[in-house]
Amino acid sequence: MIEQVHIDALTGILGDKGVVTRAEDRQAYETGARYDSGLACVVLRPATTAEVSATIAYCVRHGIALIPQSGNTGLVSGSTPDASGTEAILSLDRLAKAFELDLDNRSVRVDAGLRLSDLNRRLEEHGLFFPIDLGADPRIGGMIATNTGGSRFLKYGDVRRNVLGMTVVLADEDGTVLDLQCDLRKNNTGVDWKQLFVGTSGAFGVVTECVLNLERLPQQTATALLVPASGAHVMPLLRAMEERLGAYLSAFEGMSGNAVTAAFAHVPSLKNPFQGGHVPDYVILAEISRTWAPREGEQSLDAVLETVLAEVWEMETAPLADALVGPPHEIWALRHALSEGVKHLGKLIAFDVSFRRGDIMAFCDHMKAEMPEKFPGVTVCDFGHIGDGGVHFNLVVAKDSPLLGDPTFEPRLREWVFAVAVETYHGSFSAEHAIGRRNQAYYDLYTNDKLKDMAAGLKTLTSPGKLGSVRFGPARAE
Ligand SMILES: Cc1cc2nc3c(=O)[nH]c(=O)nc-3n(C[C@H](O)[C@H](O)[C@H](O)COP(=O)(O)OP(=O)(O)OC[C@H]3O[C@@H](n4cnc5c(N)ncnc54)[C@H](O)[C@@H]3O)c2cc1C
């Protein structure tokens, strides 16, 4: 799969620790978080930007394809190699030493291989955190390359909004190190080049270091489960909450009754708070937070939430059918159990789509109405970050369903879901997981030719070598 002469040369650059050749040691790198696995000719593990540069330069000169990998938690088959056994994995897992905190600037400079949990653990004693919150534990470089969203996008935005600067190594014959380091929030001195590397799956360069915006850790949090009067009342409810809570509102997560039921079935320790154990058709997790400790004489955050919910309850449009204020750890435990719960119902076919907020429920209702006729036996278990327009539109098929024996079933299903999402509702076929081999075909289908040509030009300009699992240019260009 790769000649010994290359292994020897790369070992010369990276040392024994930096070159993984044995099949059993490669396996964890070759296997993705959920759907994918491939075969790598070797796993390369540089520990510094200089080593990344030397490795890339060598591989580009010798035509060795590289797939950058960070935490390997991506969900679109971007971080694993294909099955050919010809691609090398460039893992950033040893690039995790630097940590320079600037308290005045509320920013931190780190190596891109640092784990999100390690970053936040080190920030906690300073009352700070990197505000991208999700159910996995990725590394920062992978978060930049996928522009991770998460549950608190509504308040803090995505990675793009929280990256100030970075160092990138380009896949050219010199392994050019591009210094885009910047600690400034305000900087309008030309093209903002760092944006080229955010959300583009490593196609244009490998992020090795970065400067991140930090936020104050919330010191008070209150949560509630809200039952909307109907699907049509979800957005009026969100608007009413935003009007009354402003920047306090930090999460507004939607959960279908099917997904909640699956979570209760899979995690028996979860407390079912609904009357008689009856799960409603749709439930919303609302969270509010503030960054200071409770002050004497100040209304508690639970009381603030209750007051607001009482006001919403009295609205003429009556958007709320029920509301249960409860401890954040219990309520979030339900939200975090949805993914696993749904997965255990059968074969999961997941879509990470987004819409104008007002179209989310219309899309879900449209699909639920047409599903029984178009694809009988497929259950919709959607949930998602609906405060920012994102839906994890999950479909489940029983493991013994004859549908799974039909090779045309999944392609037909995917084609239909994306067509309704993109063509009918003008949504996105990739809300927050970026592009990988898994959705390359939909990038090809839904991106216009001019944009593909422009992307091909940028690719030639930045990283003409074989880098990443995604092709942003037209199929003929690369
Ligand atoms: C249980 C679970 C929950 C999740 N929840 C969310 C969620 O709420 N929101 C969300 O947005 N995502 C979510 N994800 C998806 C995933 O965690 C994110 O996409 C994540 O940020 C990827 O980071 P990573 O370090 O794992 O990157 P990887 O998976 O290793 O790589 C992702 C992509 O980035 C490229 N890449 C990696 N490192 C670099 C680098 N240094 N330079 C250039 N390119 C690079 C890879 O080639 C690949 O294309 C979830 C995943 C799981 C398993």
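Remember, it's a predicted structure, so these values are computed and weren't measured experimentally.

A. Seen up close, the packing of helix 12 (residues 360–374) against helix 13 (residues 409–424). The interhelical angle for the contact between helix 12 and helix 13, taken along N-to-C directions, is 150°, at an axis separation of 11 Å. If you check the angle between helix 12 and helix 13, you find them roughly antiparallel. In this structure, helix 12 crosses over helix 13, and the sense of that crossing is right-handed. Where helix 12 approaches helix 13, its residues Phe363, His366, Met367, Glu370, Met371 and Lys374 are matched on the opposing element by Leu413, Trp416, Val417, Val420 and Ala421. Looking at the contact of helix 12 with helix 13, its residues break down into 8 nonpolar, 1 polar and 2 charged.

B. Quick look at the pattern of salt bridges. In total, this model carries 23 salt bridges according to the counting rule given. Linking Lys347 and Glu410 is a salt bridge whose minimum nitrogen-to-oxygen distance equals 3.4 Å. Of the two residues, Lys347 is situated in strand 16 (residues 347–354) and Glu410 in helix 13; the sequence distance between them amounts to 63 residues. Note on Lys347: relative accessible area 31%, which makes it partly exposed. Of the charged contacts, one joins Asp406 and Arg412 as a salt bridge, the two residues approaching to 3.1 Å between their closest N and O atoms. Of the residues examined, Asp406 reaches a relative accessible area of 27% and is grouped as partly exposed. Several salt bridges share partner residues, and in doing so they unite Arg22, Glu24 and Asp25 into one network.

C. Local environment of helix 12. For helix 12, built from 15 residues, the straight-helix expectation of 21 Å at 1.5 Å per residue is met to within 8% by its first-to-last C-alpha distance of 20 Å. Inspection of helix 12 places Ile360, Met361, Phe363, Cys364, Met367 and Met371 among the buried residues, and these make up the whole buried set. For helix 12, the secondary structure elements touched by its buried residues are helix 8 (234–245), strand 14 (282–290), strand 16, strand 17 (378–380), strand 19 (390–397) and helix 13.

Analysis parameters
- Starting afresh in each chain, residues are numbered from 1 along the sequence in its written order.
- Predicted model: local features are reported for residues with pLDDT of at least 70 only, side-chain atom pairs are reported and counted for 80 or more only, and whole-chain, interface and lining totals are derived from all residues.
- Excluding hydrogens and water, the side-chain figures rest on all heavy atoms present in the structure.
- Axis lines are fitted through C-alpha atoms, for helices just across the contact stretch, and the angle between N-to-C directions can take any value from 0 to 180 degrees.
- A run of H or I in DSSP counts as a helix once it spans at least four residues, and a run of E counts as a strand once it spans at least two, with each numbered from the N terminus.
- Oblique is the label for every angle not falling under 35 degrees (roughly parallel), over 145 degrees (roughly antiparallel), or within 65 to 115 degrees (roughly perpendicular).
- Crossing handedness follows the turn of the near helix against the far one: under a right angle anticlockwise gives a left-handed crossing, and clockwise gives a right-handed one.
- By definition in these notes, contact holds between two residues if any of their heavy atoms fall within 4.5 Å.
- Put simply, Ala, Val, Leu, Ile, Met, Phe, Trp, Tyr, Cys and Pro go in the nonpolar bin, Asp, Glu, Lys and Arg in the charged bin, and everything else, Gly too, in the polar bin.
- The salt bridge criterion pairs a side-chain nitrogen of Lys or Arg with a carboxyl oxygen of Asp or Glu, the two atoms within 4 Å.
- Between buried and exposed lies partly exposed: a residue is buried under 20% and exposed over 50% of the maximum accessible area for its type, with that area taken using a 1.4 Å probe on protein chains only.
- A helix's residues, less one, multiplied by 1.5 Å, set its expected span.

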